[in-house]
Amino acid sequence: MARYTGTRTPRVEDARLLTGTGTYVDDVVRPGMLHACFVRSPVARARITGIDVSDARRLDGVQAVFVAADLNPGVREQWYTLNGRDDPDTPRPPLAEGEVRFVGDPVAMVVARDRYTAEDAAESVVVDYEELPPVVDYATALESPESVHATHPGNLVGELAGRPMEELAPVFEGASRVVSVTVHQQAYGPVPLETRGIVAEWSAPAGEMTIWAATQSPHEVRSFCARLLGVDEHRVRVVMRDTGGGFGQKVLPQREDMCVMLAAAKLPAALKWIEDRQEHLLAAGQARHEHGEARLALDDDGRILAATLDHVQDAGAYPTPSPVQSGIAVGLLFPGPYRIPQGTFRSRFVFSNTSGRVAYRGPWQFESMAREVLLDTAARRLGMDPVELRRRNMLRRGDLPTANFNGMPYDHITPYETFEQALGMLDYPAFRREQKDARAQGRHLGVGTCTYVEPTAGATPFHGTEGATIRIEPSGKVNVYMAGGSCGNSLETTVVQLTADALGVAIEDVSTIQGDTALTPYGAGTGGSRSGPMTAGAIAETAAGLRARILAIAGHRLEVAVEDLELTGGRASVKGDSQQAVTLAEIADLAYFQVHALPPGIPAGLEASGRYRTPHLMIWANATHLCTCEVDVVTGAVKLLRYIVSEDCGPMINPSVVEGQIYGGTVQGIGGALYEHLAYDDAGNPLATTFMDYLLPTATEVPVIELGHIETLSPGPGGHKGVGEGGAIGSAPAVVNAVADALAPLGVEISRLPLTPASIVELVDRARAVST
């Protein structure tokens, strides 16, 4: 019986993090360590006609200055494990070669004794540019005569599609109502508290590389570096200690990481690069920049007959990884948790002369944005409450198992239950009465929802397996070794909880070692909302055999049958007679130092390794987000009044951790709806390079987030589901729908984000002009 799993066990990380004694990559100091600074392009697109590094090299304290000719030829292979060796990929030169393709494109790298000297030297590097017309607007890039990459004329990275849309023409032509919306979502980014960073140290005599990295996937960094340098994997060691947020951006090495790896192999000491915030906003990557036309065909009763999505996504200049591989989920998940008999999608991915697209917490989030805005728009055009339209079409328990029109199989989900729980927490009828009274007073209140299903712990080749090693030391203390990749998602705490319960030991006797590829089993790290189910599976798989060995030794020592024993509190005792017992420390002493006293067939030692492989295509989680707001139509200000989330992630390993993940993701989605924007002007110049221009929500703008939980067991280990990405998927659509609901009496329809005060005032003025 679980003693710790499901409880609000205090986070084991907090002791060091709250006292300022965590170890982030910038805390790593190596003997004689050198520092890197990048020379970056000031223009969006240009030919490089010359680079003069002579002044920089003469500056006291400068060790080296690298350009493309120095580093790029050293590249062996650079494919990502997630994609696979044979997956068509996009260009990824370490340094710009021949042409720069966005403002911030790294052109040269200066290495000096300290960051200050490196920055001074970088300013003295002279680069001659012959400017070219940039392709800034991805939405028109397919028709542009200019190409971001000569290897991709027409700027199409790739495309994916379901059945031909023409096949659905008869359904739409025969439908009572057809509703279409085109939604444009702006570029914004993960913006973790800790920027990117890496320290690389090459040992020439041994031919070995040691890397300290801010990463979500240390084993992926190791594999990538080994391929890049053309060395055996066992000659690369990657260490990650504490990482201050990742949100998908830090899963895979980017071009600057490649430069540091390549340069370190040419230098006599370790090389450190820590990105500053301006660099981060310039070059760390953008996400969410896309648009799509979404259509619904409905009958007279508001039941959905068919749906389509024609989707276009900005890939930027150097996406990580290829957006085609990751972007397929937008179309596949577009049907969401609704009964939609027929439908299809088309997704196109387009290069532009802007920062490259990166993964960001639910990279497929646009499917929910497009679908949920479409549903609210359809309800208003039908003269129906958006809640009622959803009730008529949402999947219920009796519909399961089922598959959406793309063939994605659904089971073990509760969209209708979370929807109704959220409405009940608000008291939806009471809010509609309040809204009516407010409108009579000239106030504009609104309510919006988003219900989604989220794939977690998928059985992709890289994400579908996870390993663990558990060692019981001679003292009886327990160490758990796992790949890790914890970036604030408390993998240390949840692993300790799961292990303590699996072995029946006190939680204070369990420690975990993570994030060191020299010590831990191979794993994909944290991403794809996989950590909870996959670590639970790895621990269960590993602990089962170790527990059986412990009980066999205890039974032999106590001269009782194994089935008569129970293991709890670090003691194996006879059921009904707690005095007849042997401690785990005594069992360990036998296993290590009195091997002659072990029962026949039991190996010496108390250490086991195991690997879990999920048999499930997907483990589905789901939730409903509900937001109420008030909009000031004079100033355009949006005030969020209440925010409610009803979540089903299965049994919670640690409710505090789960709720923290939901809070964080929700705030990111609120930022995306109202504040954040990685904007560019027509020449490709970024307009948000500091937090004065790139606005993040603060505690002042975010209301108390109220949580409700529905618990449905998944088919995976412990019934657990992933929860890391959901908050960021459902929040932005809910906020957008709330604002649209508030402004609906004025005839306002929302098609572009973010909903800044200026944009809201413009929408209101435009609607009033049309009405008059």
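The structure contained in this document is the topic of the report that follows.

## Details of the sheet that holds strand β8 (residues 177-185)
(1) Moving on: The sheet built from five strands is open, its strands ordered β7-β15-β14-β13-β8 with mixed pairing. Where the open sheet ends on each side, the last strands, each with one partner, are β7 (156-161) and β8. For this sheet, the mean angle separating the axes of adjacent strands, direction not counted, is 10 degrees.
(2) Moving on: One ladder, built from nine bridges, connects β8 with strand β13 (residues 290-298); its direction is antiparallel. Directly across from V178, in β13, lies its bridge partner A297.

## A closer look at unusual backbone geometry
(1) Moving on: Put simply, L400 and P401 share a cis peptide bond, and its omega is -5 degrees.
(2) Moving on: The topology assignment puts P401 in the loop between α12 (386-393) and β16 (402-403).
(3) Moving on: Cis geometry is adopted by the peptide bond preceding P754, which originates at L753 and carries an omega value of 0 degrees.
(4) Moving on: Looking at the secondary structure, you find P754 in the loop between α19 (726-743) and α20 (757-771).

## Here we look at the packing of helix α16 (residues 531-558) against helix α17 (residues 584-593)
(1) Moving on: The interhelical angle for the contact between α16 and α17, taken along N-to-C directions, is 90 degrees, at an axis separation of 10 Å. Comparing the axis directions of α16 and α17 gives the class roughly perpendicular. Touching I550, I553, A554 and R557 of α16 are L584, I587, L590 and A591, all from α17.

## Focus on the packing of aromatic side chains
(1) Moving on: Scanning the model with the defined rule gives seven aromatic pairs in all.
(2) Moving on: When the centroid spacing of 5.2 Å and the interplanar angle of 25 degrees are considered together, the rings of Y80 and F224 count as stacked. A residue pair is termed long-range when its members are at least 10 positions apart, and Y80 in the loop between α3 (68-71) and β4 (99-100) and F224 in helix α7 (residues 218-229) qualify at 144 residues.
(3) Moving on: Exposure remark for F224: the relative accessible area of 0% places this residue in the buried category.
(4) Moving on: Over the face of the ring belonging to W79 we find R227, whose NZ or CZ atom lies 3.8 Å from the ring centre.
(5) Moving on: The ring of F172 is capped by R295, whose NZ or CZ atom sits 4.0 Å from the centre of that ring.

## A look at the packing of helix α11 (residues 366-382) against α12
(1) Moving on: Following both chains from N to C, one finds α11 and α12 inclined at 110 degrees, their axes separated by 8 Å at the closest point. Relative to α12, α11 is oriented roughly perpendicular. The way α11 lies across α12 gives a crossing that is right-handed. Residues E372, L375, D376, A378, A379 and L382 of α11 form the contact with α12, whose own contacting residues are P386, L389 and R390.

## Focus: the pairing of strand β25 (residues 607-613)
(1) Moving on: By the alternation rule, side chains of β25 split into A608, G610 and Y612, which are all buried, and E607, S609, R611 and R613, of which none is buried.
(2) Moving on: Here strand β19 (residues 465-472) pairs with β25 via seven bridges, running antiparallel. In the sheet register, T465 faces β25, and the bridge partner there is R613.

## With respect to the sheet that holds β25
Sheet strands pair by backbone hydrogen bonding; their relative direction is either parallel or antiparallel.
(1) Moving on: Spatial strand order, β21-β20-β19-β25: four strands in an open sheet with mixed pairing. Edge positions in the sheet fall to β21 (510-514) and β25, since each has one partner strand and no second. Between one strand axis and the next, the sheet turns by 20 degrees as a mean value, whatever way the strands run.
(2) Moving on: On the sheet, helix α15 (residues 491-503) packs against β19, β20 (478-482) and β21 and is oriented at approximately 135 degrees with respect to β21.
(3) Moving on: Across the sheet, α16 is in contact with β19, β20 and β25; its angle to β19 comes to roughly 35 degrees.

## Examining the environment of S124
(1) Moving on: Checked against the element boundaries, S124 lands in the loop between α4 (115-123) and β6 (126-131).
(2) Moving on: For S124, a relative accessible area of 21% gives the class partly exposed.
(3) Moving on: Each C-alpha atom of the pair S124 and D55 lies 6.1 Å from the other, and the pair is 69 residues apart in sequence.
(4) Moving on: The residues touching S124, leaving out its near neighbours within four places in the chain, are D52, D55 and A56.
(5) Moving on: Here the side chain of S124 touches A121 through a polar contact of 2.7 Å, landing on its backbone oxygen.

## Some points on the pairing of β21
(1) Moving on: Residues V510, T512 and Q514 point to one face of β21 and are all buried, whereas S511 and I513, pointing to the other face, are not buried.
(2) Moving on: In the classification by handedness, the crossover that spans β20, the intervening α15 and the parallel β21 is right-handed.

## As for α12
(1) Moving on: Turning to α12, its buried residues number three or more, namely P386, V387, L389, R390 and N393. For α12, the angular spread of buried residues about the axis comes to 160 degrees, placing them on one side.
(2) Moving on: The backbone nitrogen of V387 lies 2.8 Å from a side-chain oxygen of the residue at the head of α12, namely D385.

## Some thoughts on the nonpolar core
(1) Moving on: In terms of nonpolar packing, the biggest core is built from 98 residues, with V739 and I750 touching the most fellow members.
(2) Moving on: Considering every element that reaches this core, the biggest residue donor is α19, with ten residues.
(3) Moving on: When neighbours within four sequence positions are excluded, I750 is seen to be in contact with V373, V736, V739, A740, L755 and L763.
(4) Moving on: The next biggest cluster of nonpolar side chains, apart from the first, holds 44 residues, and it includes I470, A506, V510 and M534.

Conventions we followed
Residues numbered from 1 in each chain as written. Predicted model: local features only at pLDDT ≥ 70, side-chain atom pairs only at ≥ 80, totals over all residues. Heavy atoms only, no water. Pairing = 2+ DSSP bridges. Helix = DSSP H or I, 4+ residues; strand = E, 2+ residues; numbered from the N terminus. Axes fitted to C-alpha atoms, helices over the stretch in contact; angles between N-to-C directions. Parallel < 35°, antiparallel > 145°, perpendicular 65-115°, else oblique. Contact = heavy atoms within 4.5 Å. Phe/Tyr/Trp six-rings, centres within 6.5 Å; stacked < 30°, edge-to-face > 60°. Buried < 20%, exposed > 50% of the residue type's maximum accessible area, 1.4 Å probe, protein only. Lys NZ or Arg CZ within 6 Å of the ring centre and 35° of its normal. Left-handed = near helix turned anticlockwise from the far one by under 90°. Polar contact = N/O pair within 3.5 Å; in protein donor to acceptor, adjacent residues only side chain to side chain. Right-handed = clockwise from strand over helix to strand, strands pointing away. Arc of directions from axis to C-beta. Core = buried A, V, L, I, M, F, W, Y, C linked by side-chain atoms within 4.5 Å.

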